[in-house]
Amino acid sequence: MKAIYLYDKTSREFQGSKLVDDDYVAAAGETEIKPADGLYEPVTFPTDDATAWVGTDQAVWQAAQDAAYQEYLKEHPEAAPQPTAEQQALTALAQQIADNDTNTATQITSIEQALTALATGGNE
């Protein structure tokens with residue numbers, strides 16, 4: 001048994017694979033050349049005499065996936081992910097920490113000014 005990899009005769013896009021007997025001869029739209037791991041869709045077999053499949057760049061594929069997801073969310077806003085109670089609590093804590101940092105910085109500035117005023121006898 002051997003694997004045969006199928007592609008659309010027009011678009012040349014990968015369509016799947018099948019197991020055949022060892023003496024099977026690949027027909028039009030078929031090849032014995034296995035697509036390499038890590039190829040992103042669309043994966044195509046560029047010519048009948050090609051020696052390798054060609055895939056899309058990961059960044060291009062990811063951008064298309066993200067755009068399709070955003071379009072889906074526009075059509076189905078109820079499907080948008082909602083933050084869990086734990087995520088909301090963590091966000092609130094992070095905001096409190098940020099607020100505390102701001103308050104601390106303000107207090108340090110006030111203390112520095114007071115110390116400067118004490119050191120100069122209040123003549124500043």
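Summarised in this report is the structure supplied together with it. In this text the structure is predicted, and so the values were computed from the model without any measurement.

Close approach of charged atoms allows side chains of opposite charge to pair. If you walk through the whole model with that rule in mind, you get 3 salt bridges. Between R12 and D48 there is a salt bridge, with its nearest N and O atoms 2.8 Å apart. Pair noted here: R12 is in the loop between β1 (2-7) and β2 (14-20) and D48 is in the loop between β4 (40-44) and β5 (54-56), with a separation of 36 residues, a long-range link. On the accessibility criterion, D48 (62% relative accessible area) is exposed.

Looking now at helix α2 (residues 85-119). Between its first and last C-alpha atoms α2 spans 50 Å; for 35 residues at 1.5 Å apiece the expected length is 51 Å, and the two agree. Backbone geometry just downstream of α2 places G121 in the positive-phi region, at approximately 75°.

Across the sheet, which stays open at both edges, the 3 strands sit in the order β2-β1-β3 with antiparallel pairing between neighbours. Two strands bound the open sheet, and with one partner strand each, they are β2 and β3 (30-31). Inspection of the sheet shows β1 paired to β2 by 6 bridges, in the antiparallel sense. When the sheet's bridge partners are listed, A3 is paired in β2 with L19.

Before going further, it helps to examine the packing of aromatic side chains. Two numbers describe a pair of aromatic rings. These are the distance of the centres and the angle of the planes. For the coordinates displayed, the defined rule picks out 5 aromatic pairs. Between the aromatic rings of Y7 and W53, the centroid separation amounts to 6.0 Å while the plane-to-plane angle is 80°, which identifies the pairing as edge-to-face. Taken together, the residues span a long stretch of sequence, with Y7 in strand β1 and W53 in the loop between β4 and β5 at a distance of 46 residues. On the basis of relative accessible area, Y7 is assigned to the buried category, the value being 6%. The exposure class of W53 is buried, given its relative accessible area of 7%. A connected cluster of aromatic rings, assembled from ring pairs, spans Y7, F14, F45 and W53.

About the thresholds
Residues numbered from 1 in each chain as written. Predicted model: local features only at pLDDT ≥ 70, side-chain atom pairs only at ≥ 80, totals over all residues. Heavy atoms only, no water. Salt bridge = Lys/Arg side-chain N within 4 Å of Asp/Glu carboxyl O. Helix = DSSP H or I, 4+ residues; strand = E, 2+ residues; numbered from the N terminus. Buried < 20%, exposed > 50% of the residue type's maximum accessible area, 1.4 Å probe, protein only. Expected span 1.5 Å × (residues − 1). Pairing = 2+ DSSP bridges. Phe/Tyr/Trp six-rings, centres within 6.5 Å; stacked < 30°, edge-to-face > 60°.

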